[in-house]
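Observations on chain architecture
So you can see what is in the structure, the chains are spelled out below.
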Amino acid sequence: QVQLVESGGGLVQAGGSLRLSCAASGRTISSLVMGWFRQTPGKEREFAAAISSNGLRTDYADSAKGRFTISRDNAKNTVYLQMSSLKPEDTAVYYCARSRYSRLSVREYEYDSWGQGTQVTVSS
């Protein structure tokens, strides 16, 4: 019902930064909680960040807090993830997702739509 397309991934050296974008189409996301998750081969997908529908509330995984910033521009139907001070352990495929609930969601099963993912690789 809603299509999510991530972009902005790439190769960056440790300590660098990247900004990921998630463009939504098919439906507006202005009334939806949105989140970012990441997954490394052999590991479970894990929560990274979430943002309320109006952008006034955010939540972050402990590993992301202080380094990642989630934001949204509802007029552009887009969600962003600004990543700074990147570490090799941040290497993963990053996914944008829409929550099924109105409150901030931090668990994978609370999201019902997913993008295809964008690869982030952080070198030493």
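Our subject is the structure listed above.
To start, this report covers the structure provided alongside it. Quick caveat: nothing in here was measured; it's all calculated off a predicted structure.

The rules we used
- Residues numbered from 1 in each chain as written.
- Predicted model: local features only at pLDDT ≥ 70, side-chain atom pairs only at ≥ 80, totals over all residues.
- Heavy atoms only, no water.
- Helix = DSSP H or I, 4+ residues; strand = E, 2+ residues; numbered from the N terminus.
- Polar contact = N/O pair within 3.5 Å; in protein donor to acceptor, adjacent residues only side chain to side chain.
- Pairing = 2+ DSSP bridges.
- Axes fitted to C-alpha atoms, helices over the stretch in contact; angles between N-to-C directions.
- Buried < 20%, exposed > 50% of the residue type's maximum accessible area, 1.4 Å probe, protein only.

Quick word on the environment of Asn 54
- Mapped onto the elements of the fold, Asn 54 is located in the loop between β5 (46-51) and β6 (58-60).
- C-alpha of Asn 54 to C-alpha of Gln 116: the two residues are 62 residues apart in sequence and 24 Å apart in space.
- One polar contact links Asn 54 to Ser 52, side chain to side chain, over a distance of 3.0 Å.
- A distance of 3.0 Å separates the side chain of Asn 54 from the backbone nitrogen of Leu 56, its partner in a polar contact.

Regarding the sheet that holds strand β7 (residues 68-73)
- Taken together, the four strands give an open sheet; going across it, the order is β1-β3-β8-β7, and neighbouring strands pair in antiparallel fashion. In the strand order of this sheet, the two ends are held by β1 (3-7) and β7, each with one partner. Shown here is a sheet whose adjacent strand axes are inclined to one another by a mean of 15°, direction ignored.
- Relative to strand β8 (residues 78-83), strand β3 (residues 18-25) runs antiparallel, the two being bridged by six bridges. By the bridge assignment, Leu 20 is partnered in β8 with Leu 81.

Side note on the pairing of β5
- Burial analysis of β5 places five of its six residues in the buried class, which makes it a mostly covered element.
- Taking the residues between adjacent antiparallel strands as the criterion, strand β4 (residues 34-39) and β5 are bridged by six residues, where Gly 42 takes a positive phi near 85°.
- Pairing of β5 with β6 involves three bridges; the strand directions are antiparallel. For Ala 49, the partnering residue across the bridge sits in β6 and is Tyr 60.
- Counting the residues that bridge the hairpin from β5 to β6 gives six residues, and of these Gly 55 lies at a positive phi of roughly 80°.

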